[in-house]
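Single-letter residue listing:
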Amino acid sequence: MLIKGLGRVEGTVEDLQPVTLKQLIPIELLNSFIGIYWHVGKGKFIIYKAPLLDAKYAVVEMGQDYDEQSNTDDLQIDYNIFHMDIWYEDVLKKYPEFTGCEFDYFSRGRILYEVQQKKFVIYGSKRLLNSAKVVEFLAREFMLPKGGFLVNDKIYNDKDDVRSLGERECAGVSVEDGE
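These figures come from a predicted structure and were not determined experimentally.

Participant: Is there a simple way to think about a nonpolar patch on the surface in this case?
Facilitator: Judged by side-chain polarity, F82, M84 and Y88 come together as a nonpolar surface patch covering roughly 330 Å² of accessible area. Summarising the element assignment, Y88 is placed in helix α2 (residues 83-94). Y88 gets classed as partly exposed once you look at its relative accessible area, which sits at 35%.

Participant: Would you explain the nonpolar core in this entry?
Facilitator: Nonpolar side chains tend to gather and get buried jointly when the protein is soluble and globular. If you look at the biggest cluster of nonpolar residues, it comprises 46 residues, and the most contacted ones within it are Y37, W38, I77, W87 and L138. Ignoring sequence-local partners within four residues, the contact set of L138 consists of Y37, F45, I122 and L129.

Participant: Sorry if this is basic, but what is going on with helix α4 (residues 132-141) here?
Facilitator: Given 3.6 residues per helical turn, the α-helix brings residues three or four places apart onto the same face. Three or more residues of α4 are buried, namely V134, V135, F137, L138 and A139. At the exit of α4 stands M143, carrying a positive phi of roughly 55°.

Participant: It is not clear to me how the pattern of salt bridges should be interpreted in this structure. Could you clarify?
Facilitator: Side chains that differ in charge, positive against negative, can pair when their charged atoms come close. This structure, assessed with the given rule, holds four salt bridges. For E141, the salt bridge is made with K49, and the minimal N-O distance between the two is 3.9 Å. Placement of the pair is E141 in helix α4 and K49 in strand β2 (residues 44-51), with a sequence separation of 92 residues. With a relative accessible area of 8%, K49 lands in the buried category. Measuring nitrogen to oxygen at the nearest pair gives 3.0 Å for the salt bridge that ties D90 to K94. Placement of the pair is D90 and K94 together in helix α2, with a separation of four residues, close to one helical turn. With relative accessibility at 19%, the residue D90 sits in the buried group. Of the residues examined, K94 reaches a relative accessible area of 37% and is grouped as partly exposed.

Participant: How should I be thinking about unusual backbone geometry in this particular structure?
Facilitator: For residues besides glycine, phi is generally negative; the peptide bonds are generally trans as well. Phi is positive for K118, close to 55°, though the residue is something other than glycine. Mapping K118 onto the fold places it in the loop between β5 (107-114) and β6 (119-123). By relative accessible area, which is 39% here, K118 ends up partly exposed. Of note, M143 is a non-glycine position whose phi angle comes to about 55°, a positive value.

Participant: What exactly am I supposed to notice about the packing of aromatic side chains here?
Facilitator: Ring pairs (aromatic) are described by centroid distance and by the angle formed between their planes. Inspection of the entire model under this criterion finds 12 aromatic pairs. Geometrically, the ring pair formed by Y105 and F106 is edge-to-face, given 4.9 Å between the ring centres and 85° between the ring planes. Taking the relative accessible area as the measure of exposure, Y105 reaches 48% and is therefore partly exposed. Overall, the relative accessible area of 7% leaves F106 in the buried class. Through successive ring pairs, a cluster of aromatic residues spans W38, Y48, W87, Y95, F98, Y105 and F106.

Participant: What exactly am I supposed to notice about the confidence of the model for the protein chain here?
Facilitator: In this model, the protein chain carries an average pLDDT of 82, and 75% of its residues clear a pLDDT of 70 or more. Low pLDDT, under 50, characterises residues 1-11; the stretch is placed with 27 contacts to residues that sit more than four places away or in other chains.

Participant: What exactly am I supposed to notice about the pairing of strand β1 (residues 33-41) here?
Facilitator: On a regular strand, one side chain projects to one face of the sheet and the next to the other, so that they alternate. Counting buried positions along β1 yields nine of nine residues, so the element is predominantly enclosed. By the bridge criterion, eight bridges tie β1 to β2 in an arrangement that is antiparallel. The residue of β2 that forms the bridge with Y37 is I47. The turn joining β1 and β2, which pair antiparallel and follow one another in sequence, is formed by two residues; a positive phi near 55° is taken by K42. Summarising the sheet, β1 and β5 pair through five bridges and their orientation is antiparallel.

Procedures and definitions
Residues numbered from 1 in each chain as written. Predicted model: local features only at pLDDT ≥ 70, side-chain atom pairs only at ≥ 80, totals over all residues. Heavy atoms only, no water. Patch = residues over 30% accessible without salt bridge, like charges linked within 9 Å, V, L, I, M, F, W, Y side chains within 5 Å. Areas by Shrake-Rupley, 256 points an atom, 1.4 Å probe, with all protein chains shown as cover. Salt bridge = Lys/Arg side-chain N within 4 Å of Asp/Glu carboxyl O. Helix = DSSP H or I, 4+ residues; strand = E, 2+ residues; numbered from the N terminus. Buried < 20%, exposed > 50% of the residue type's maximum accessible area, 1.4 Å probe, protein only. Core = buried A, V, L, I, M, F, W, Y, C linked by side-chain atoms within 4.5 Å. Contact = heavy atoms within 4.5 Å. Phe/Tyr/Trp six-rings, centres within 6.5 Å; stacked < 30°, edge-to-face > 60°. pLDDT = per-residue confidence, 0-100. Pairing = 2+ DSSP bridges.

In structure tokens:
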């Protein structure tokens, strides 16, 4: 069991810091980022990210299966702030043009690290992640090396903003370490 191997009682991750898992992460992935993003239309993104082993914004969690059952063998390192919290506390202050839009108005997603798989996972909506330009852009923004990530389009839903994707180049406003 992964948790037992780290000296933990099976099924607990309390007080487990991302840096504790450093020896389990391939060296070529250590400079990558985790975080959240929104596609706000026309290939433009708002991105919040933090280094994979960041003490303030990275958190170790038990992996979740789609039926929401905890998987104690599969730890993940995730960004510890929710879309909803950042949207109302920070995004709307920086982008007043989105006043009146709820946090889930635009297509959104998350990048986290799956410890057992030794890969990052880019979560997003189906139509968003079906665009090679979007996946390449997000991989570049989060410094995910080729072969070091998977995509998952089973959690987030498409929103109207994805209609504007087309063949446009992607661009983003990135906020590192939640600043």
